[in-house]
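Each chain, written out:
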Amino acid sequence: MMPFYSFYLDSLKRKIRSYTKVSDEDLTYGLQFYKERTFKKGEFIIKPSQYVNYFYFLEKGCVCYYTEDDLGLHVMEFFTDNTFFTDLYAYIEGVPAENYIKATENCTVKMILKKDVLKSYNYSHDLERFGRISMQEAFVKIFQKTNDLKTLSNQERYIKLLNKRPDLFQRVPQYLIASYLGLTPVGLSKIRKRLTEQS
């Protein structure tokens, strides 16, 4: 009989194996813990004061990871198809979240409880390696974005995002793109206009 995950969790299976080689036996053990859930556009996946007990795999869709204060909304990252995500600090430290993760499109998500993640790590060194590398990747993304805000000009940040993730400009409202780049919507419009005039 065909393994249960061969159709239901096929994209997740491929993603895990993109990090490290995992045997069929170990993969079957780890995948048994994942559950599927859909989130509608505009629905919150994580909100402040919520304990973060899940690690997520975004099979399809787009979510926005942001914080909010008296000055407004500040986008830290966008997660799109075939990506792992969570509020890492709250998840690792076991403290309430301070940030939001919100679906900006209808999303299909695979999710695994933290206690089941730990079970899979104890069961398989390769699954533990996958978990470590995937979390490192998420930390590096946030670090790179913070570093770009310090070292690149507004226009350089815009061009970099346009080259690396052009799909975001069709999938995400412009005011969220502007926030992610550390700009106002007016500032973003000026950069786009200037580049159009130069081309």
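An account of the accompanying structure is given in this report. (Residues numbered from 1 in each chain as written. Predicted model: local features only at pLDDT ≥ 70, side-chain atom pairs only at ≥ 80, totals over all residues. Heavy atoms only, no water.)

1. Structural notes on the side chain of Thr-86
Phase 1: Structurally, the position occupied by Thr-86 is in the loop between strand 6 (83–85) and helix 4 (88–93).
Phase 2: Judged by relative accessible area, Thr-86 falls into the buried class, the value being 4%.
Phase 3: In terms of polar contacts, Thr-86 uses its side chain to reach the backbone carbonyl oxygen of Tyr-54, at 2.9 Å.
Phase 4: The residues touching Thr-86, leaving out its near neighbours within four places in the chain, are Ile-46, Val-52, Tyr-54, Phe-55, Tyr-56, Tyr-91 and Ile-101. (Helix = DSSP H or I, 4+ residues; strand = E, 2+ residues; numbered from the N terminus. Buried < 20%, exposed > 50% of the residue type's maximum accessible area, 1.4 Å probe, protein only. Polar contact = N/O pair within 3.5 Å; in protein donor to acceptor, adjacent residues only side chain to side chain. Contact = heavy atoms within 4.5 Å.)

2. Some details on helix 6 (residues 125–151)
Phase 1: Spanning 27 residues, helix 6 covers 38 Å between terminal C-alpha atoms, matching the ideal 39 Å at 1.5 Å per step.
Phase 2: Between the side-chain oxygen of the N-cap and the backbone nitrogen of Asp-126 there are 3.2 Å, and the N-cap of helix 6 in question is Ser-124. (Expected span 1.5 Å × (residues − 1).)

3. Side note on the pairing of strand 5 (residues 72–80)
Phase 1: For strand 4 (residues 62–69) and strand 5, the ladder comprises eight bridges, and the chain directions are antiparallel. Paired with Cys-64 across the two strands is Phe-78, which belongs to strand 5.
Phase 2: In this antiparallel pair of consecutive strands, strand 4 and strand 5, the connection spans two residues. (Pairing = 2+ DSSP bridges.)

4. A few points about the environment of Arg-171
Phase 1: Its place among the elements puts Arg-171 in helix 8 (residues 168–171).
Phase 2: Counting along the chain gives 110 residues from Arg-171 to Gly-61, while the straight-line C-alpha distance between them is 9.2 Å.
Phase 3: Contacts of Arg-171, omitting those with residues within four sequence positions, involve Gly-61, Cys-62, Thr-80, Asp-81 and Glu-105.

5. With respect to helix 7 (residues 154–164)
Since the α-helix advances by 3.6 residues per turn, residues separated by three or four positions end up pointing in the same direction.
Phase 1: If you check which residues of helix 7 are buried, you get Arg-157, Tyr-158 and Leu-161. For helix 7, the angular spread of the buried residues around the axis is 100°, confining them to a single face.
Phase 2: Buried residues in helix 7 make contact with helix 6, helix 8, helix 9 (174–180) and helix 10 (185–198). (Arc of directions from axis to C-beta.)

6. Quick word on the sheet that holds strand 5
Phase 1: Pairing in this open sheet of four strands is antiparallel, and the strands run 2-7-4-5 from one edge to the other. What marks the edges here is a single partner per strand, and that holds for strand 2 (44–46) and strand 5. Here the strands of the sheet are splayed against their neighbours by 30° on average, with no regard to which way each runs.
Phase 2: Across two bridges, the pairing between strand 2 and strand 7 (residues 100–103) is antiparallel. From the neighbouring strand, Phe-44 faces strand 7, where its bridge partner is Lys-102.
Phase 3: Running at roughly 135° to strand 5, helix 6 makes contact with strand 4 and strand 5 of the sheet. (Axes fitted to C-alpha atoms, helices over the stretch in contact; angles between N-to-C directions.)

7. Topic: the packing of helix 2 (residues 10–19) against helix 3 (residues 24–31)
Phase 1: At a minimum axis distance of 11 Å, the contact between helix 2 and helix 3 shows a crossing angle of 125°. Relative to helix 3, helix 2 is oriented oblique. Viewed along their axes, helix 2 and helix 3 form a crossing whose handedness is right-handed. Across the interface between the two elements, Leu-12, Lys-13, Ile-16 and Arg-17 of helix 2 pack against Asp-24, Leu-27 and Leu-31 of helix 3.
Phase 2: Split into classes, the residues belonging to the contact of helix 2 with helix 3 amount to four nonpolar, no polar and three charged. (Parallel < 35°, antiparallel > 145°, perpendicular 65-115°, else oblique. Left-handed = near helix turned anticlockwise from the far one by under 90°. Nonpolar A, V, L, I, M, F, W, Y, C, P; charged D, E, K, R; others polar.)

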